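Summary of structural features
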Amino acid sequence: MKKRMWYSCIAFAMVLVSAALLRAEPVHRDHVSIELVSDQSAARPGDTVTVGLKIQLEDEWHVYWTNPGDAGLAPRVKWNLPPGFVASPLQFPVPKRIPAGPLVSFGYDKELLLLSDIVIPSDFIPDSLFSFNAEVDWLVCKVECIPGDAVLSLMVPIVENGLAEATAWDEQFRLVRTKQAVEDTNWSVTASASKTNLQLIFTSKSERSSTIPSDLFFFPTKKGIIDNSAAQVLAKKERGFELTIPLNSMNTDTLTEISGLLVAENQWANEGTRTGLKFSAPATMLSSPTPIAFAAVEITWWQAILFAFVGGLILNLMPCVLPVLSIKVLSFVQQAGEGRKQILQHNAVFTLGVLVSFWILAAGLLLLRAGGEQLGWGFQLQSPAFIIILSSFMFLMALNLLGVFEVGTSLTGIGGNSRRSGLLGSFIAGVTATVVATPCTAPFMGSALGYSLTQPALISLAIFTALGLGMSAPYVILTSTPWLLRFVPKPGRWMETLKHVMGFLLMATVVWLVWVLSIQAGSDSILLLLATLLVLGLCAWILGRWGGYAVEQGKRVTAITAAVALALASVSLASFNVTPADSVASGMTQADGLTWEPFSPERVTELNGQGRPLLIDFTAAWCLSCKVNERVAFGSLDVQGKLSSLSVVTMKADWTSRDERITKALAEFGRNSVPLYVLYTGKTGQSPIVLPELLTPGIVIEALNKLEG
Amino acid sequence: MTKTFIISAMLLIGIGALAFSQEAAKETAIASVAIDQPAPDFALKDVNGKEHKLSDYKGKYVVLEWVNYDCPFVKKHYSSGNMQGLQSGFTKKDAVWLSICSSAPGKQGHFPTADLKKRMETEKSTPSAYLIDESGSVGKLYGAKTTPHMFVIDQKGVLRYAGAIDDTPSTKASDIASSTNYVSSALDALIAGKPVGTKSSTPYGCSVKY
């Protein structure tokens, strides 16, 4: 009893001096002062005492949240408590984003109060003085980081009754608690993750519509799962909203559960002082689509080579290649008079030209991809500068065919061996045909090309070789079969007419290229290109008028030099000065009676989440087969009717200019070229359907019928 | 078609290729590393001004260590001798250890060359090379976030591990003994011809001072 009296005395004395005791002096360390405080002056056995770790920071210095983001470390505390005492984990308030260059951390500035509830066992003998002891360590950073640690203690008298009362800290504690993120059963959360994005859909259960803050940010509990510095896209919905959060590409863990805080930078307008919503939701992993091809299936390497060969054959029929091949046809006619050996030689060289350029394109593509560039087949036509060069070249060839200038007859004197340069001409024709043909991925070719780039270099090259051989096969066959050549008429005046017609065909190609450029680089670039063509016309005219043999040598050389210099200067000036337009074809486009949404991976994830059917048209202005498909298939009233009756969302991924998101999306389907048509059925667990590359209304309707089944 | 025409045509194509490559070069590189994918090549000068390319080391295991000697997390592994032990241990096994500093001039961790040499001596740091990435371009290419941030690349140039040095995010050297070191586990597995157990982790440390 005596002993107990003694304790009581001490307890009483302690309560009297409690103000001093409950607030142990703050400990000062580099840029931080830290102390332990309590909300009660005394406590009874069985009570819960809340203890606060108060951290005060100098300006611009930070401490971190439990998930520190890209860098940092959260403060930690180790309690030294008598047996039976239980301390809750530290309660962290809602963090802030702290940007540092390209990185973002999550944490706090100025001051921070971390609370922990400590339960005193009910069998604890009262009237004793209890000392809370905490070993704390932390990391404080401005730009540089300084770790710190301290042992803090706080005396709290444990008394039998009556004496416990709130301290001056009580109010601050309450304030901190109201700013804590809370769970709210009014909101239901569904989470789904694809390879690249996490999507959180928040749906309100109440009828009352609440205002959604526009500055929401999701802080995940788990480290390293999201791209901390990426913008999170908020989209409002009828009964709530959804947030699309780019994931950290280095994360290899499967996301089965998502938990964290949804925080509004300012307050949630009509929800009092709430700053954060705390939640946890199971995440469904949207497995990256393993598309089922509508027509073709998985292919092996020899099938790929076969498809490439057939694809090469068909390339000859593509509208992009025809104008160039017209030159080839012309040379055929001219060659018809020559010996068989020469003809074979020309064709071999033409084939070589095709093959070499395919190899260079393939090698370039493989190299650039190895270097991390996001490119696809036909990438050269995504460059405005290249379009200018190509149209200039085509225009000059057209003028030549139309007879504005005659390089063929006038310059043979300088030319030397005319047969050799003739062979070079065949080579160039092969190169040009290939360069112009690449964007037109013919049927059979898309999957073969996509496949080839995932293969070892040797197989890729074999596939490209097959493609080139396929493209030049018709000519080789034609010329190595003499009886076929008999059908080619003898040279005569009609050849002149044919040349002119071909000239106009080339002009038509130029018109197409001008249109492609207008989409890529805007109307200013058109002025640049047309002015260049005007100068080229002038050069051609100079060559035609003063470049001929009728003119004396001095004048002739001056004229040729001036014309060539002027042509090269104007073309290089134009191609170096053209810049791609900032944004191309944004917003909805209405064509063919259908409303096309612009492509966005976030929107695809969203629509998949909603279970809505979706058709994506991967296209480009320079892809003529795409344009043909769009006219033929999507222009059909039957198809349009079917699409709207099934309420299929139509989306257009325009790849006219370089767009890494589209390149990535194509790669997910094993492609690196357009056209590609993908139909998401909107049914869970069903893979998207890939339509063939040549569409008919029938094919599209047949595919759409699967949605009803 | 004759020679002049062909030559001009080729010149035109040449200009085109030039313009195209210029344009391609304008594109900024994005962090494009992924586990089990080829590690992007880079070229950086070391403390002696000698250029090192990642592709120079094909056929060898390569470790990339993002470093900032003044960061307490880096100090944890240098003051304890842990990092130096890994460096000498693996360079003896013919692996290449590249310490890379992406601190911008004037920021913490960036030193003038003379000071840097002295500092490396004080730290007893023995990487195969200490590479200076003042512009931060290689750091951004690899998505280096913290010091330390570790990458392990195999003999074929494929990235096999990326992330923290070990599983204990702290600044206390006393924690090292009880930690699992991800870098040595990855290298040991690779050298033994086994698959890497932990292929990635969330790096911990100070932010890279870009």
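Described in the following lines is the structure provided in the data block. (Residues numbered from 1 in each chain as written. Chains lettered and ligands numbered in written order. Predicted model: local features only at pLDDT ≥ 70, side-chain atom pairs only at ≥ 80, totals over all residues. Heavy atoms only, no water.)

Observations concerning the overall build of chain A
Helix and strand counts for chain A stand at 20 helices and 25 strands. The proportion of buried residues among the 709 residues of chain A is 52%. When the accessible surface of chain A is totalled, it reaches about 31300 Å², and 61% of it is carbon and sulfur. (Helix = DSSP H or I, 4+ residues; strand = E, 2+ residues; numbered from the N terminus. Buried < 20%, exposed > 50% of the residue type's maximum accessible area, 1.4 Å probe, protein only. Areas by Shrake-Rupley, 256 points an atom, 1.4 Å probe, with all protein chains shown as cover.)

Let's talk about the sheet that holds strand β4 (residues 63–69) of chain A
Residues and elements named next belong to chain A. Pairing within the open sheet is antiparallel, and its 3 strands lie in the order β4-β8-β7. Edge positions in the open sheet fall to β4 and β7 (96–100), since each of these has one partner strand only. Averaged over neighbouring strand pairs, the angle between their axes works out to 45 degrees when direction is ignored. Sheet topology places β7 next to strand β8 (residues 103–108); 5 bridges connect them, and they run antiparallel. Looking across to β8, one finds that K96 is bridged to G107. (Pairing = 2+ DSSP bridges. Axes fitted to C-alpha atoms, helices over the stretch in contact; angles between N-to-C directions.)

Observations concerning the pairing of strand β16 (residues 240–246) of chain A
Residue and element names in this part refer to chain A. Across the 7 residues that make up β16, a large majority, 6, are buried. Across 7 bridges, strand β13 (residues 197–204) lies against β16 in antiparallel orientation. Bridged to L198 within β16 is I245. Here strand β15 (residues 233–237) folds back onto β16 in antiparallel fashion, the turn holding 2 residues.

Thoughts on the sheet that holds strand β1 (residues 43–46) of chain B
Residue and element names in this part refer to chain B. One open sheet holds the 7 strands; their spatial order is β2-β1-β5-β4-β3-β7-β8, and the pairing between them is mixed. Of all strands in the sheet, those with a lone pairing partner are β2 (51–53) and β8 (159–163), marking the two edges. Ignoring strand direction, the axes of neighbouring strands in this sheet form an average angle of 30 degrees. Here β1 runs beside strand β5 (residues 129–132); their pairing, made up of 2 bridges, is antiparallel. Residue pairing for β5: D46 is matched across the bridge by L131.

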